[in-house]
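Each chain, written out:
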Amino acid sequence: MRQVFLVSACLAGGLFLSACGKDDPASVERAFQDVNVVDETDLNDVMLTAADPNEAVSYFTRSLQANTNRIDLQRGLAISLVRAKRNTEAVSAWKKVNSLDGATNDDKVDLADALIRNGDWKAAKAALDDVPPTHETFKRYRLEAMVADANKEWKRADSFYEIAVSLTTRPAGVMNNWGYSKLTRGDYTDAERLFGEAIRQDQALFTAKNNLVLARGAQRNYTLPVIPMGQIERAQLLHTLALTAIKQGDVSTGEGLLREAINTHPQHFEEAVRSLRALESA
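Residues numbered from 1 in each chain as written. Predicted model: local features only at pLDDT ≥ 70, side-chain atom pairs only at ≥ 80, totals over all residues. Heavy atoms only, no water.

The name given to the chain in an unreviewed UniProt entry is Flp pilus assembly protein TadD, contains TPR repeats, and the organism recorded there is Parasedimentitalea maritima.

In this structure, Y161, F195, L224, L241, L257 and L258 are the most contacted members of the largest nonpolar core, which totals 39 residues. Of all the secondary-structure elements, those providing two or more residues to this core are helix 8 (138-150), helix 9 (154-166), helix 10 (172-185), helix 11 (188-201), helix 12 (206-218), helix 13 (231-247), helix 14 (251-264) and helix 15 (270-281). Top contributing element to this core by residue count: helix 13, with six residues. Within the second largest apolar cluster, 32 residues are counted, among which are L81, V82, W94 and L111. (Core = buried A, V, L, I, M, F, W, Y, C linked by side-chain atoms within 4.5 Å. Buried < 20%, exposed > 50% of the residue type's maximum accessible area, 1.4 Å probe, protein only. Helix = DSSP H or I, 4+ residues; strand = E, 2+ residues; numbered from the N terminus.)

Note that A242 resides in helix 13. As a C-alpha pair, A242 and A272 span 30 residues in sequence and 9.2 Å in three-dimensional space.

Now for the side chain of D158. With respect to the secondary-structure elements, D158 resides in helix 9. Given the relative accessible area of 18%, D158 is considered buried. Setting aside residues up to four positions removed in sequence, D158 forms contacts with W178, K182 and R185. (Contact = heavy atoms within 4.5 Å.)

This part is about unusual backbone geometry. A positive phi angle is found at K85, which is not glycine, with a value near 60 degrees. Considering the arrangement of structural elements, one finds K85 in the loop between helix 4 (71-83) and helix 5 (87-99).

Let us look at helix 11. The first and last C-alpha atoms of helix 11 sit 20 Å apart over 14 residues, in line with the 20 Å expected at 1.5 Å per residue. Taken together, the buried positions of helix 11 are occupied by D190, A191, L194, F195, G196, A198 and I199. For helix 11, the secondary structure elements touched by its buried residues are helix 10 and helix 12. (Expected span 1.5 Å × (residues − 1).)

Attention now goes to the packing of helix 12 against helix 13. Between helix 12 and helix 13, the least distance of the axes is 9 Å, while the angle of their chain directions is 35 degrees. In terms of crossing hand, the pair formed by helix 12 and helix 13 is right-handed. Seen from helix 12, the contacting residues are F206, K209, N210, V213, L214, G217 and A218; seen from helix 13, they are E233, Q236, L237, T240, L241 and T244. Counted by class, the contact of helix 12 with helix 13 contains six nonpolar, five polar and two charged residues. (Axes fitted to C-alpha atoms, helices over the stretch in contact; angles between N-to-C directions. Left-handed = near helix turned anticlockwise from the far one by under 90°. Nonpolar A, V, L, I, M, F, W, Y, C, P; charged D, E, K, R; others polar.)

For the coordinates displayed, the defined rule picks out 22 salt bridges. Among the ionic pairs, R70 bridges to D72, the shortest N-O distance being 2.8 Å. By relative accessible area, R70 is classed as partly exposed at 27%. With relative accessibility at 35%, the residue D72 sits in the partly exposed group. In this structure, the salt-bridge partner of D190 is K182, at a minimum N-O distance of 3.1 Å. (Salt bridge = Lys/Arg side-chain N within 4 Å of Asp/Glu carboxyl O.)

In structure tokens form, the structure reads like this:
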């Protein structure tokens, strides 16, 4: 569809140029500018999705030198800096976006996201407090839940997680975060339930599988759950379960699980081997 649009735009530009004649250079210049805007928008989209994040940062930085107050370019720079994990710079870039005409509530939420990535939870809360309550988006409530978690405001966190889950068709990641919040509070049963729901939503989410094993191990349940897993995943989960058992003083159980993990892994499982050697030499 985009290619068809570009071709149509170029044809329209060509027809317009023909109609301008040789005596109207201003009209010719405007026509070229119109075509360039289409091409530039297409390139911006590519930079925000397919390009290497640091290359995208360089592209938007160069573009802004001649267009200092273009909010779309400043927003592209901020997004690219987040993708490149240059979080301190990303915070500055999002602050710049929010200072420009045309800034939106989504831009305020993205500033809060960058602040969280940079570890500035207090400033992130302030940024979210500046977003009107009528702006109800998945990302806003997911960040609200994370900030409430960081402040140990458990009831608020649960409320925000619940709202965030209702606002997305792909809730696995939020359920995993919510489950981990429950895990840190010592609510192992609820954590186990949430990790299980996350896995049902996304069977490839290994983090949720690993967290589920941690929740079961915290309850001294040292059997693997019945969930989809490959052979390597099974070995890794056995290793996690073994370390959980050892940490809780169930050393003989942990040693047996380590041996099972080593035997299960289709290749040499160096991490588990090191754990077993450390246990045997203790």
